[in-house]
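Each chain, written out:
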Amino acid sequence: MQSTITPQECAQMLGAAERVVAMTGAGISTAAGVPDFRGPNGLYVTRRYDPETVFDIDAFLHDPEPFYDFTRDFLSVVDRIEPTVAHLFLARMEREGRLRCVVTQNIDFLHQRAGSENVISVHGGYWTSRCLRCGVEWDFDTLRSWVEKESVPRCRDCRGLIKPDVVFFGEAVKGMDQAAAEVMEADLMLVLGSSLTVYPAASLPAMARCPVIVVNKGPVGLAPGSDRFFIDEDLDEFFEAVGAAMKS
Ligand SMILES: [Zn+2]
């Protein structure tokens, strides 16, 4: 049987905590308008992107165009959105010195734009890209300007294939050791908008030695436990209520 808590109880637990670690998945960004890739309105569905092709490293090496088509769409969506209540809530907790870090599975920049500084992006991101042949690196703005003009950008030095540092299927996730260490030292863990189905990141909550509060619409792949609390509600509504309770 799953236990749950109210926003007021969540606010009390957060108020007493000093080393909160948050882990976030696609669900924290859907309210901002980022397509939940796999959801009914996700890019995978509406634009017929097949994630097995777009993010498969062998498919990319054979034909990078589907990935760059996706990238153009994705970046144009990301431009039009703003961080959500939940993103801003986490950034504020970090500024107040009570949140250690955010471990995110997302590649949408929203935690950074909300003001979070200590973000572990286990699935990488578009911040840097590199030539797979000669290893030269570029920053996001450079890659972006090329992606807007060319269907598949190529290395200026050697014409090699350029790959952003987004983690593809079949590639190692980033920062898992650091994320695991943070989780094991946390005194409260939040899991927000993740169904905990994409491994190995999904294994992190089970490493926690502290209470774990899961806020996610829909089922979650984490077994019930005496220190585990499950809230099946809209993230922004829940954290608006938590924020109000913490101020009162
Ligand atoms: Zn090169």
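This section reports on the structure supplied with the text. Here the structure is a predicted model, which is why all the values come from computation and not from measurement. Just so you know, the residues in each chain are numbered from 1, in the order the chain's sequence is written. Given that this is a predicted model, residues contribute local features only at a pLDDT of at least 70 and side-chain atom pairs are listed and counted only at 80 or more, while totals for whole chains, interfaces and linings are drawn from all residues. Note that water and hydrogens are dropped before the side-chain values are worked out from all heavy atoms of the structure.

Re the overall build of the protein chain
What counts, and what does not: The secondary structure listing takes helices from DSSP runs of H or I that are at least 4 residues long and strands from runs of E that are at least 2 residues long, numbered from the N terminus. This radius of gyration counts C-alpha atoms alone. The globule rule is 2.2 Å times how many residues there are, raised to the power 0.38. Each residue's exposure class comes from its accessible area (1.4 Å probe, protein chains only) as a fraction of the maximum for that residue type: buried when under 20%, exposed when over 50%, partly exposed otherwise. Here a residue-residue contact requires only that any non-hydrogen atoms of the pair lie within 4.5 Å. Shrake-Rupley sampling with a 1.4 Å probe provides the accessible areas, and residues are treated as covered by the protein chains on show and by no other component.
Tallying secondary structure elements over the protein chain gives 11 helices and 9 strands in all. For 248 residues, the compact-globule formula gives about 18 Å, and the C-alpha radius of gyration of the protein chain, at 19 Å, lands near that figure. The buried share of the protein chain, reckoned over its 248 residues, is 52%. For the protein chain, contacts bridging at least 24 residues in sequence account for 65% of all contacts bridging at least 6. As presented, the protein chain carries roughly 11,500 Å² of accessible surface, and 49% of it is formed by carbon and sulfur atoms.

Overview of the coordination of the zinc ion
Octahedral six-donor coordination of a metal ideally yields angles of 90 or 180 degrees, compared with 109.5 degrees for tetrahedral four-donor coordination. The test is simple: Excluding water, the donors of a metal are its N, O and S neighbours within 2.8 Å, or within 3.2 Å for Na, K and Ca, and that exclusion means sites may look incomplete. Angle rules define the geometry names used: all angles between 85 and 135 degrees makes four donors tetrahedral, while opposite donors over 155 degrees apart and all other angles between 65 and 115 make four donors square planar and six octahedral, leaving every other case irregular.
In this structure, C131 (SG), C134 (SG), C155 (SG) and C158 (SG) serve as the protein donors to the zinc ion, at separations of 2.3 Å. Taken together, the 4 donor atoms coordinating the zinc ion span angles of 98 to 119 degrees at the metal, a pattern that classifies the geometry as tetrahedral. Within one chain, the residues donating to the zinc ion are spaced in sequence as C-x2-C-x20-C-x2-C. Here the residue C134 occupies a position in the loop between β4 (124-131) and β5 (137-139), and C155 occupies one in the loop between α9 (140-149) and β6 (162-166), the gap between them amounting to 21 residues. C134 sits in the partly exposed class, given a relative accessible area of 38%.

Some words on the pattern of salt bridges
We apply this condition: Salt bridge, as used here, is a side-chain nitrogen of Lys or Arg placed within 4 Å of a carboxyl oxygen of Asp or Glu.
Taken as a whole, this structure holds 12 salt bridges when the rule is applied. Notably, a salt bridge pairs R100 with E182, separated by 3.2 Å at the nearest N-O pair. One end of the pair, R100, is in strand β2 (residues 99-104); the other, E182, is in helix α10 (residues 176-185), and 82 residues separate them in sequence.

Description of the pairing of β4
As a reminder, the rule being used: In short, DSSP must find at least two bridges between two strands for them to pair.
For β4 and β6, the ladder comprises 4 bridges, and the chain directions are antiparallel. Residue pairing in the sheet places R130 in a bridge with K163 of β6. Taken together, the 3 bridges between β4 and β5 define a ladder with antiparallel strand orientation. Bridging from a neighbouring strand, T128 pairs with D139 of β5. Count of turn residues in the β4/β5 antiparallel hairpin: 5 residues, of which G135 carries a positive phi of about 85 degrees.

Treat this as a map of the structure, not an account of what it does.
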